[in-house]
Amino acid sequence: MAVNAGDAGTWTLGDRVVNRMGFGSMRITGNPDPQVAIGVLRRAIELGVNHIDTAAYYFEANFATELIRSALTPYPDDLVITTKVGFFRDDAGDWHEARSPENLREQVEDNLRRLGRDHLDVVNLRIIKRAGRDSIAESFGALADLRAEGLIRHLGISNVRVDHLDEAQAIAPVVCVQNNYAIDNRADDELLRVCGARGVAYVPFFAIAGSAREGGATSDHSEAVSAVAARHDLSPHQVRLAWTLHQGDHVLAIPGTSNQTHLEQNIAVAGVRFTDADLAELA
Ligand SMILES: NC(=O)c1ccc[n+]([C@@H]2O[C@H](COP(=O)([O-])OP(=O)(O)OC[C@H]3O[C@@H](n4cnc5c(N)ncnc54)[C@H](OP(=O)(O)O)[C@@H]3O)[C@@H](O)[C@H]2O)c1
């Protein structure tokens, strides 16, 4: 049976309906031949993906935003592109947090230019957490102003705690929280629950990578993950991804890959249904 990203159902980000199985574009920038990434992006759309995560600072051999533009324009009407601001990378590739109102406007305009759009569907304010001195009020307020200007349709926040969500929601509507979360990284269990209670999408990154983070897919699989994988004829990476989608209807997946076979395996996860016994074992 053909797999489709819609098999896991949909979620509404503000006024935009997306399939819960999406695509993260951080991993597509490394190949010097842009056609490889373009092929993966077009295949994702063919398989029903209509939610793509990106950032203007995702670049190696190519910029993710520019690959998305090359691959997907004219953009399908139902495509929602979520991007992130709060950082930039200099020409040497070094990362800098930059979230003054002026910085944020520049980053929004950079995203608009590279994606070839007149507005951004969803923009996440991506922060670094520093206990006691990491208020997001000024930065999120600046993005709310850009939203009021029509440059941004919806806002989200990334790498945050519950108190950041409280702070942001007092300023403007928040459609999503994008944080590091996986079957073996459960620090956000409470934030995930709070998001669900408030109708905010929770979007985990590193669901497959786990503790390997930027290094790629983890090979550290628990016995339970391996057992459930064998029972369902899935790979352990697919089980990790499927587990996230079972944590609530408001959880959206954005697995990243530069490989079409992995892409197809990830989209197939949209159709995976675990039993209560599977979930108890995985818990
Ligand atoms: N907000 C933030 O701060 C933040 C931080 C990091 C990432 N993100 C976003 O979240 C998305 C997801 O994170 P991610 O891409 O870093 O990690 P991920 O989706 O957890 O895992 C991606 C890694 O796993 C491999 N992989 C993917 N599918 C696989 C499969 N079916 N079988 C085996 N290996 C597989 C990929 O390698 P191959 O290319 O070889 O498949 C890649 O190395 C990113 O693409 C990005 O859009 C956001």
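Above this text is the structure in question.
Below you will find a few notes about this structure. The model shown is predicted, which means the values in this text are computed figures rather than measured ones. (Residues numbered from 1 in each chain as written. Predicted model: local features only at pLDDT ≥ 70, side-chain atom pairs only at ≥ 80, totals over all residues. Heavy atoms only, no water.)

## Some thoughts on the overall build of the protein
In plain terms, the rule: For the purposes of this entry, the term helix denotes a DSSP run of H or I that reaches at least four residues, the term strand denotes a run of E that reaches at least two, and both are numbered from the N terminus. We compute the radius of gyration over the C-alpha atoms and compare it with the globule rule, which gives 2.2 Å times the number of residues raised to the power 0.38. Exposure categories follow from relative accessible area, calculated using a 1.4 Å probe and restricted to protein chains: below 20% of the type maximum is buried, above 50% is exposed, and the middle band is partly exposed. When checking whether two residues touch, look at their non-hydrogen atoms; a contact exists if any pair is within 4.5 Å. Positive charges are assigned to Lys and Arg, negative charges to Asp and Glu, while His and the chain termini are left out of the count. Charge coordinates come from a single atom per side chain, which is NZ of Lys, CZ of Arg, CG of Asp or CD of Glu.
Scanning the protein from N- to C-terminus turns up ten helices and eleven strands. By the compact-globule yardstick of 19 Å for 283 residues, the protein fits well, its C-alpha radius of gyration being 18 Å. Structurally, the protein occupies a C-alpha span of about 55 × 45 × 35 Å along its principal axes. Taken across its 283 residues, the protein has 53% of its residues classed as buried. Counted over contacts in the protein with a minimum sequence separation of 6, partners at least 24 positions apart contribute 73%. Looking at the protein, you have 27 positive and 39 negative side-chain charges, and the mean spots of the two groups are 1 Å apart.

## Section: unusual backbone geometry
Cis peptide bonds are those with omega within 30 degrees of zero, and the linkage from Thr-73 to Pro-74 qualifies with -5°. Its place among the elements puts Pro-74 in the loop between helix 2 (64–72) and strand 5 (80–85). A positive phi angle is found at Asn-159, which is not glycine, with a value near 65°. As for its placement among the helices and strands, Asn-159 is situated in the loop between strand 9 (152–158) and helix 5 (162–169). At Asp-233, a position not held by glycine, the phi torsion is positive, near 55°.

## Some points on the site of the ligand
What counts here: Whether a residue is near a molecule or strand depends on its heavy atoms: if one lies within 4 Å, it is near. By the criterion applied in these results, polar contacts are pairs of N or O atoms within 3.5 Å in which, for protein atoms, one can donate a hydrogen and the other can accept it, and in which residues neighboring in sequence qualify only through two side-chain atoms. Accessibility throughout is a Shrake-Rupley quantity obtained with a 1.4 Å probe, and a residue counts as covered only by protein chains that appear here. Residue classes follow a fixed rule: Ala, Val, Leu, Ile, Met, Phe, Trp, Tyr, Cys and Pro count as nonpolar, while Asp, Glu, Lys and Arg count as charged, and any other residue, Gly among them, counts as polar.
By nearness alone, 27 residues border the ligand, and Asp-53, Arg-126, Ala-209, Thr-257 and His-262 come closest of all. One nitrogen or oxygen atom from the main chain of Ala-209 is found 2.8 Å from an oxygen atom belonging to the ligand. Burial of the ligand by the surrounding chains reaches 91%, relative to a free accessible area of 900 Å². Residue contributions to the shell around the ligand peak at three residues, all from helix 9 (residues 260–268). Split by residue class, the shell around the ligand holds ten nonpolar, 13 polar and four charged.

## Some details on the sheet that holds strand 11 (residues 201–205)
To be explicit about the condition: Any two strands between which DSSP finds at least two bridges are classified as paired. Every angle, taken between N-to-C directions, lies between 0 and 180 degrees, and every axis is a line fitted to C-alpha atoms, over only the stretch in contact when it is a helix.
Read across the open sheet, the seven strands follow the order 3-4-5-8-9-10-11; overall the sheet is parallel. Strands with a single pairing partner mark the edges of an open sheet, and in this sheet they are strand 3 (23–24) and strand 11. As defined by bridge partners, strand 8 (residues 120–126) adjoins strand 9 across six bridges and the pair is classed as parallel. Bridging across to strand 9, Asn-124 finds its partner in Gly-156. The sheet strands contacting helix 3 (residues 101–115) are strand 5, strand 8 and strand 9, and the helix crosses strand 5 at an angle near 145°.

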